[in-house]
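Residues per chain, in single letters:
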Amino acid sequence: MRIVVLAGGIGGARFLRGLRQAAPEADVTVIGNTGDDIHLFGLKVCPDLDTVMYTLGGGINEEQGWGRTDESFRVKEELAAYGVGPEWFGLGDRDFATHIVRTQMLAAGYPLSAVTEALCARWNPGVRLLPMSDDRVETHVAVEVEGQRKVIHFQEYWVKLRASVAAEAVVPVGADQAKPAPGVLEAIASADVIVFPPSNPVVSVGTILAVPGIREAIAEAGVPVVGLSPIVGDAPVRGMADKVLAAVGVEATAAAVAQHYGSGLLDGWLVDTVDAGAVAEVEGAGIRCRAVPLLMTDLDATAEMARQALELAEEVRA
């Protein structure tokens, strides 16, 4: 079975770990969000790609869900001693090495897709990890802070401000001019199933879909497209997805997110059992829907979520 998964960071990465257990023989291609990418300290940082790579490769900090395990922060402390920031973005010493290698390879002329493949050769994630694009795309957020309206990088909004102010608009800068990375459209065209994991529907999956050609390829693939709700009981399972959903006029409910993707894209949608009352509404929108446990409490629970997604895909296909 050829499975394509559109993934953001922590939620997507943890779901993928369950998918590998649920379908160990499957050929899995992951299209990773690069809208969270940022240049810091002269280095190209790709948080979502790295989170997938570290999680599946066994190097992730399990407690926080991002960054490396057994990490130290001496370089960050030395930079701060020189007065060099930003101090709010925590790059550890082991993590710095990944960004140094990536930046060197990019400077040598390698595209991000080739660099990602080279980095994954060390980690052996068990999936094929592709950036959504080799072109530079960075998500920015319009906010009002202390009476001043400005546009800031998504990382500043998410990490520094902790989404403490309303997001007035979310813009994937550069996405409209970007092209899908090599292999992305081919993977979609040859897929048996396409999955939207419980990643942020606006700044993770939504940013991937903003790259011209990707949404169209998925809609025209002719295979089941199944998603899992990142909203459980009218609240994000993790993070602050409700803040960016509000910026695009979408309620933070499982049914509203399904309708945001739309029946032209989604064939099936899984909601948590606490949201079973939303099943009829989603199905009324033309999307097959089932209520199952959607909390990734451990690997077995996550694998069961993945199995349920694949079973719904077969149900849709039939």
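Everything here concerns the structure above.
Reference entry: report on the structure contained in this document. (Residues numbered from 1 in each chain as written. Predicted model: local features only at pLDDT ≥ 70, side-chain atom pairs only at ≥ 80, totals over all residues. Heavy atoms only, no water.)

1. Concerning the overall build of the protein
The helix and strand tally for the protein stands at 13 helices and 12 strands. A compact globule built from 318 residues should have a C-alpha radius of gyration of about 20 Å, and the protein, at 19 Å, falls within 12% of that. In terms of principal-axis extent, the alpha carbons of the protein reach across some 60 × 50 × 40 Å. Counting the 318 residues in the protein, one finds 53% classified as buried. Taking the intrachain contacts of the protein between residues at least 6 apart in sequence as the baseline, contacts between residues at least 24 apart amount to 69%. For the protein, the accessible area works out to roughly 13,400 Å², and carbon and sulfur atoms hold 49% of it. (Helix = DSSP H or I, 4+ residues; strand = E, 2+ residues; numbered from the N terminus. Rg over C-alpha atoms; globule rule 2.2 N^0.38 Å. Buried < 20%, exposed > 50% of the residue type's maximum accessible area, 1.4 Å probe, protein only. Contact = heavy atoms within 4.5 Å. Areas by Shrake-Rupley, 256 points an atom, 1.4 Å probe, with all protein chains shown as cover.)

2. Overview of the packing of helix H2 (residues 47-57) against helix H4 (residues 93-107)
The geometry of H2 relative to H4 is characterised by a closest axis approach of 12 Å and an angle of 120° between their N-to-C directions. In this view, H2 runs oblique relative to H4, as classed from their interaxial angle. The two elements H2 and H4 cross, and the hand of that crossing is right-handed. Facing Asp-50, Met-53 and Tyr-54 of H2, the residues of H4 in contact are Asp-95, Thr-98, His-99 and Arg-102. Considering only residue class, the contact of H2 with H4 consists of two nonpolar, two polar and three charged. (Axes fitted to C-alpha atoms, helices over the stretch in contact; angles between N-to-C directions. Parallel < 35°, antiparallel > 145°, perpendicular 65-115°, else oblique. Left-handed = near helix turned anticlockwise from the far one by under 90°. Nonpolar A, V, L, I, M, F, W, Y, C, P; charged D, E, K, R; others polar.)

3. Describing the nonpolar core
Residues Leu-6, Ile-188, Ile-194, Phe-196, Ile-218 and Trp-269 are the most contacted members of the largest nonpolar core, which totals 58 residues. With six residues, the top contributor of residues to this core is helix H11 (residues 254-261). Those residues in contact with Ile-188 that lie beyond four places of it in its chain are Val-4, Ile-31, Ile-194, Ile-214, Ala-217, Ile-218 and Ala-221. In this structure, Leu-49, Leu-56, Val-226 and Ala-303 belong to the second largest nonpolar core, which totals 41 residues. (Core = buried A, V, L, I, M, F, W, Y, C linked by side-chain atoms within 4.5 Å.)

4. Some words on the pattern of salt bridges
Evaluation of the coordinates by the stated rule reveals 11 salt bridges. The partner of Arg-17 in a salt bridge is Glu-62, and the shortest N-O contact between them spans 2.8 Å. Linking Arg-17 in helix H1 (residues 10-22) with Glu-62 in the loop between H2 and helix H3 (74-81), this pair joins segments that are 45 residues apart in sequence. Classification of Arg-17 by relative accessible area gives partly exposed; the value is 21%. Between Glu-168 and Arg-149 there is a salt bridge, with its nearest N and O atoms 2.5 Å apart. (Salt bridge = Lys/Arg side-chain N within 4 Å of Asp/Glu carboxyl O.)

5. Describing the sheet that holds strand S10 (residues 225-228)
Hydrogen bonds along the backbone pair up the strands of a sheet, which may run parallel or antiparallel. What the seven strands build is an open sheet, ordered S5-S2-S1-S9-S10-S11-S12; its pairing is parallel. The open sheet has two free edges, formed respectively by strand S5 (128-131) and strand S12 (288-291), since each of these has just one partner strand. Adjacent strand axes in the sheet meet at a mean angle of 20° when their direction is disregarded. Note: strand S9 (residues 193-196) against S10, three bridges, orientation parallel. (Pairing = 2+ DSSP bridges.)

6. Topic: the pairing of S10
On a regular strand, each side chain points to the face opposite its neighbour's, so the side chains alternate between the two faces of the sheet. Here S10 shows two buried faces, one formed by Val-225 and Gly-227 and the other by Val-226 and Leu-228. Note: S10 against strand S11 (residues 268-271), three bridges, orientation parallel. Considered in S11, the bridge of Val-226 is made with Gly-268.

7. Observations regarding H1
Look at H1: 19 Å from first C-alpha to last across 13 residues, which is about the 18 Å you get at 1.5 Å a residue. Contacts made by the buried residues of H1 are with strand S1 (2-7), strand S2 (27-32), H2, S9, S10 and helix H13 (299-317). (Expected span 1.5 Å × (residues − 1).)

8. Notes on the side chain of Lys-44
In this fold, Lys-44 is placed in strand S4 (residues 43-45). With sequence-adjacent residues up to four places away left out, Lys-44 is seen in contact with Asp-37, Ile-38, His-39, His-99, Arg-102, Thr-103 and Leu-106.

9. Looking at the sheet that holds strand S8 (residues 169-173)
If you walk across this open sheet you meet the three strands as S7-S6-S8, and the pairing is antiparallel. Edge positions in the sheet fall to strand S7 (148-153) and S8, since each has one partner strand and no second. On average, each strand axis in the sheet is tilted by 25° relative to the strand beside it, whichever way the strands run. Strand direction decides the pairing type here: strand S6 (residues 138-145) and S7, joined by six bridges, are antiparallel. Considered in S7, the bridge of Ala-142 is made with Val-151.

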